[in-house]
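Next come the chains, spelled out residue by residue.
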Amino acid sequence: MYTARANRLTPYMFMAPAAVIMAIALLYPLGYMVWGSFRDWNPSQTIGEAEFVGLKNYITLFYDPAFRESLGVTLTFASVVVVAEMVIGVGLALLLDRNIRGMSVLRTLFILPMMIAPVVVGLMWRYMYHPTVGTFNRTLESLGLPKVDWLGDHALMSVIIADIWQWTPFIFILALAALQSLPRSALEAARIDGATAWQQIVHIKIPLMMPVLIVTALLRLIDAFKVLEVILVMTEGGPGLSTEILALRISRTATEFRELGVAAAMSNYLLMLLLILTVGMFAVTKLQEARAARLARQVQEDT
Amino acid sequence: MPEIRLENLVKRYGNVQVLHGIDLAMAENEFTVLVGPSGCGKSTTLRMVAGLENVSEGEIYVDGTPISHLDPKDRGLAMVFQDYALYPHMDVARNISFALRLQKRPKAEIEAKVREVADIVGLTEFLHRKPGALSGGQRQRVAMARALAKDSGIFLFDEPLSNLDAKLRGQMRAELAIMRQRVQKNMIYVTHDQIEAMTLADRIVVMHGGYIQQQGTPEELFKRPANKFVAGFLGSPPMNFLDADLQDQGGTLHAVGQGFSIALPASKAQALGRTAGAVTLGIRPSDLNFDPGAPDAAAFDLKVQVSEYIGAQSVLVCQTGGAQVTVELKSETPIALGETLRFAVRPEGLHLFDRATEAAL
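Once a new chain begins, its residue numbering starts again from 1 and follows that chain's sequence as written. Labels follow written order: the first chain is A, the first ligand is 1, and so on. Given that this is a predicted model, residues contribute local features only at a pLDDT of at least 70 and side-chain atom pairs are listed and counted only at 80 or more, while totals for whole chains, interfaces and linings are drawn from all residues. Calculated side-chain values reflect all of the structure's heavy atoms, with hydrogen atoms and water omitted.

Re the overall build of chain A
- Think of it this way: any DSSP run of H or I at least four residues long counts as a helix, any run of E at least two long counts as a strand, and we number them from the N terminus. If you tally the helices and strands in chain A, you get 13 helices and two strands.
- All radius of gyration figures rest on C-alpha atoms, and the globule criterion is 2.2 Å times the number of residues raised to 0.38. Whereas a compact globule of 303 residues would reach a radius of gyration of roughly 19 Å, chain A reaches 25 Å, over 25% beyond that.
- Dimensions of chain A, computed from C-alpha atoms along their principal axes, come out at roughly 85 × 75 × 35 Å.
- In this scheme, a residue with accessible area under 20% of its type's maximum is buried, one over 50% is exposed, and one in between is partly exposed, where area comes from a 1.4 Å probe on protein chains only. A total of 303 residues make up chain A; the buried ones form 38% of that total.
- Looking at chain A alone, contacts between residues at least 24 apart form 67% of all its contacts between residues at least 6 apart.
- The Shrake-Rupley method, run with a 1.4 Å probe, gives the accessible areas here. Residue values count only the displayed protein chains as cover. Carbon and sulfur atoms make up 70% of the accessible area of chain A, which amounts to about 17,100 Å² in all.
- Positive charges come from Lys and Arg, negative ones from Asp and Glu, while His and the chain ends are left out of the count. Note on charges: their place is set at NZ of Lys, CZ of Arg, CG of Asp or CD of Glu. Chain A carries 23 positive and 22 negative side-chain charges, and their two centres are separated by 8 Å. By definition, residues are in contact when any of their heavy atoms lie within 4.5 Å.

Looking at the interface of chain B and chain A
- Taken together, the contact pairs 30 residues of chain B with 20 residues of chain A.
- When two parts are brought into contact, each loses some accessible area as probed by a 1.4 Å sphere; the total of that loss over both is the buried area. Carbon and sulfur atoms supply 63% of the area buried between chain B and chain A, which totals about 2,100 Å² over both sides.
- Ranking the residues of chain B by area buried against chain A places K73, H89 and L102 of chain B at the top, with a combined share of 24%.
- Put simply, a salt bridge is a Lys or Arg side-chain nitrogen that is within 4 Å of an Asp or Glu carboxyl oxygen. Connecting chain B to chain A are one salt bridge.
- Among the salt bridges present, the one from R47 of chain B reaches E188 of chain A, with a minimum N-O distance of 2.6 Å.
- Any N or O atom pair separated by 3.5 Å or less is treated as a polar contact, with the protein-specific requirement of one donor-capable and one acceptor-capable atom, and with residues adjacent in sequence counted only for side-chain atom pairs. For the interface between chain B and chain A, the tally reads eight residue pairs in polar contact (both at pLDDT 80 or more).
- Sorting the residues of the side of chain B that touches chain A by element identifies α1 (42-50), β6 (77-80), α2 (92-102) and α4 (136-149) of chain B as the ones contributing at least two each.
- Polarity classes work like this: nonpolar for Ala, Val, Leu, Ile, Met, Phe, Trp, Tyr, Cys and Pro, charged for Asp, Glu, Lys and Arg, and polar for all others, with Gly in that last group. Within the side of chain B that touches chain A, the residues separate by chemical class into 18 nonpolar, five polar and seven charged.

Brief notes about the packing of α4 of chain B against helix α5 (residues 166-182) of chain B
Residue and element names in this part refer to chain B.
- Axis separation between α4 and α5 bottoms out at 11 Å; the angle between their running directions is 20°. Taken together, α4 and α5 sit at an angle that is classed as roughly parallel. Pair α4 / α5 crosses with right-handed handedness. Contacts from G137, Q140, R141, M144 and L148 of α4 reach α5 at L168, Q171, M172, E175, L176 and M179. Only the contacting stretch of a helix is used when fitting its axis, a line to C-alpha atoms as for every element, and angles between N-to-C directions run 0 to 180 degrees. By the definition adopted for this analysis, an angle is roughly parallel if under 35 degrees, roughly antiparallel if over 145, roughly perpendicular if from 65 to 115, and oblique otherwise. Handedness of each helix crossing follows the sense of rotation of the near helix against the far helix: counterclockwise by less than a right angle gives left-handed, clockwise gives right-handed.

Examining a nonpolar patch on the surface
All names here are of chain A.
- Here, patches come from residues exposed beyond 30% relative accessible area and free of salt bridges, joined within 9 Å for like charges and within 5 Å for nonpolar side chains (Val, Leu, Ile, Met, Phe, Trp, Tyr). There is a patch of nonpolar side chains on the surface, built from M22, L26, L27, L30, V34 and L271 and spanning about 500 Å² of accessible area.
- Element by element, the count of residues in the nonpolar patch is highest for helix α1 (residues 2-36), at five residues.
- Relative to the helices and strands, L271 resides in helix α13 (residues 260-302).
- The exposure class assigned to L271 is partly exposed, which follows from its relative accessible area of 32%.

Here's the deal with the sheet that holds strand β19 (residues 340-345) of chain B
Residue and element names in this part refer to chain B.
- Sheet architecture is open: five strands sit in the order β15-β19-β16-β17-β18, paired in antiparallel fashion. Of all the strands in the sheet, just β15 (288-290) and β18 (323-330) have a single pairing partner and so form its edges. Across the sheet, the mean angle separating the axes of adjacent strands is 50° when strand polarity is ignored.
- Think of it this way: DSSP has to see at least two bridges between two strands before they count as a pair. Examined bridge by bridge, strand β17 (residues 313-320) and β18 share eight bridges and lie antiparallel to one another. Opposite S314, over in β18, you have L329 as the bridge partner.

Re the packing of aromatic side chains
- When the centres of two rings from Phe, Tyr and Trp lie within 6.5 Å, Trp using its six-membered ring, the rings pair. Their planes under 30 degrees apart give stacked, over 60 give edge-to-face, and anything left gives tilted. On inspection of all chains with the given rule, the structure shows 24 aromatic pairs over all chains.
- Ring plane angle 40° and centroid distance 5.6 Å describe the contact between F31 of chain B and Y189 of chain B, whose orientation is recorded as tilted. A residue pair is termed long-range when its members are at least 10 positions apart, and F31 of chain B in strand β3 (residues 31-35) and Y189 of chain B in strand β8 (residues 186-191) qualify at 158 residues. The pair F31 of chain B / Y189 of chain B is uniform in exposure class, with both members buried.
- A connected cluster of aromatic rings, assembled from ring pairs, spans F38, F52, Y58, F67 and Y269 of chain A.
- The criterion is that NZ of a Lys, or CZ of an Arg, lies within 6 Å of the ring centre and within 35 degrees of the ring normal, and then a charge sits over that ring. Lying over the aromatic face of Y87 of chain B, R146 of chain B brings its terminal NZ or CZ to 4.7 Å of the ring centre.

Examining the side chain of Q194 of chain B
Residues and elements named next belong to chain B.
- Mapped onto the elements of the fold, Q194 is located in helix α6 (residues 194-200).
- For Q194, a relative accessible area of 11% corresponds to the buried category.
- Apart from the residues within four sequence positions on either side, Q194 is in contact with V35, F233, L234, G235 and S236.

Some thoughts on the pairing of strand β16 (residues 299-309) of chain B
Residues and elements named next belong to chain B.
- Bridge count for β16 against β19 is five bridges, and the pairing is antiparallel. In the strand pairing of β19, D301 is matched with R342.
- As paired elements, β16 and β17 share six bridges and run antiparallel to each other. Bridged to K303 within β17 is Q319.
- Between β16 and the antiparallel strand that follows it, β17, lie three residues; G311 among them carries a positive phi value of about 135°.

Remarks on the confidence of the model for chain B
- Confidence scores labelled pLDDT are given residue by residue by the predictor and lie between 0 and 100. In this model, chain B carries a mean pLDDT of 88, and residues with pLDDT of at least 70 account for 100%.
- The element-level mean pLDDT for chain B is lowest in helix α9 (residues 266-272) of chain B, coming to 81, with strand β9 (residues 203-208) of chain B highest at 93.

Considerations on the confidence of the model for chain A
- Summing up the model confidence of chain A, the mean pLDDT is 87 and the portion of residues at 70 or higher is 99%.
- Element-level mean pLDDT values for chain A span from 81 in helix α4 (residues 103-110) of chain A up to 92 in helix α3 (residues 65-96) of chain A.

Quick notes on the domain arrangement of chain B
All names here are of chain B.
- Domain limits in this description derive from either an automatic procedure or a database domain assignment. In terms of domains, chain B is made up of domain 1 (4-233) and domain 2 (240-354).
- The gap between the C-alpha centroids of domain 1 and domain 2 is 39 Å.
- In this complex, domain 1 contributes seven residues to the contact, which on the side of domain 2 involves five residues.
- For the domain 1 and domain 2 pair, buried surface summed over both sides reaches about 580 Å², with 68% attributable to carbon and sulfur atoms.

Description of the nonpolar core
- Here the nonpolar core consists of buried residues drawn from Ala, Val, Leu, Ile, Met, Phe, Trp, Tyr and Cys, with membership extended through side-chain atoms lying within 4.5 Å. By size, the foremost hydrophobic cluster in this structure holds 97 residues, and its most contacted members are L6 and L156 of chain B.
- A per-element tally of this core places α3 of chain A first, with 12 residues.
- Among all residues touching L156 of chain B, those that are not within four sequence positions of it are L46, V49, A50, L77, A78, M79, V80 and I188 of chain B.
- Counting 47 residues, the second largest nonpolar core, distinct from the first, contains V80, V92, L123 and L221 of chain B.

Looking at a positive patch on the surface
- On the surface, a cluster of positive charge is contributed by R291, R294 and R297 of chain A together with K130 of chain B.
- Mapped onto the elements of the fold, R294 of chain A is located in helix α13.

See below:
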């Protein structure tokens, strides 16, 4: 009796250390942030000294045009980069899914941008975008074309280009892995059935890759909402608020405006947004599993 | 429908040559089975006909026209794959109609065609199921229906039954034979299973090591194998091989080995064209019969070690000299294990092969 209960508890005992670390490293700061978001809290105060203001921070933010603009910039940034990265990444994977000499070297080169530290990426692009000495403008100049004010008038576009450069490889390697795990014989059958290369992509490859692509896009979307370093280094959110994504505004609110409560509330808004995406992602995978299980059940009922 | 001809077909992967000049002609509406052990080049040959593998040398002709430079889609053929190769995201009806939809045929025609072939293979009630919701046998039928729907004259099968369990395989084999009578097409069928080859084929092509060993009707190959490999590959249980020497004994040619001296029929001896030398004597298990009164010159004395009861027939595993011999006979024959018994051999069941070249004599 006693041993039976001990046996039942064993797995939980093994899990306990991990659970404790999770609680300290994840739940405690999270709870601290949620608690802080209900207070008018200055960095010079301890959290106990700060005045409790209820939902005031959330309401203020909701009507704050700067916050709304920042949210708009974030949404634009995230949706544009994810769509562009998906199209380019999947396109590259479709092009490079073949046996060419030196392909493994090429693949390694393709994923290099992903391995560079974001701050370095930001610095690199800032120099390339530099109005007078940057590569882009010098090239344009030597071709006799007018210069472009990359980090001025077109700051958001420039930031988007840098992000696409850095993160397309991520989509590319996942899409390539998905492609290479497709059933070869189904593709051969399609060739015999008369599908052109393009029809094979549209009718067979993309539909079969879809489960992986959906999860990849959601992962990338979640990541795109949290981007900070590259933009911080390149534009610091400027000019004006044109590239001030939420993560940047949160950090500025906390450090420059010294409003920890408001920053915490903003973080919670972002957290909620990401939570919705994450739940969406889980829903997609659960749905796929449920469908597979249903199909398997149907076969069993038949036999 | 069309006539297919392979001329000096060679396949190389890098420096490794896997097919050494295959010459083969398949007449109209013929059911040709390429059979051989794994790695013999049969699947490669089929995939070259399909256009899924490049031809290294030689040419494939369909009705006299060379096609080896064409894409698979332009060769006008249908293929059934070993793992069925269904499109998992399409239901049965869409799987079957994929080729027709690519051709942009009218909707009504496509629907009619899908119903027609689904009826042939017995899938009508499953048209809206995805492949994941079908059993192995049903998936196999979908693959068959998809190939049938294409209306092409050439039908290729790449080991279509090898992923099914034994019972289902027998059933599908019979259905294939029936379907084969209904649809007039030129079919090439690859298998490693000699029973499928024997039961389905108009013509069997036995391949080994990248060469064609022999081709002909199942009966020709079974009765007159061209060499030891073909003799041993076709037939179940497989043919027994015993080392023997030719000796003239009192005017009659004998095959003499350890523990036996079998007289060869006069006609066989004459056709042999030699009166001495090392040979391999081949005897099918079914050509041996329990007969205690058989004369020495037409019998083996075998020590019965194991009796494998299969039902109406039993297979005896016996020992003579240093060699193992199997005998197939009716189960009611009274046999005692461990005893040495006398088995008569049917004179027409004697096959002789040159021991060095393994060619039939």
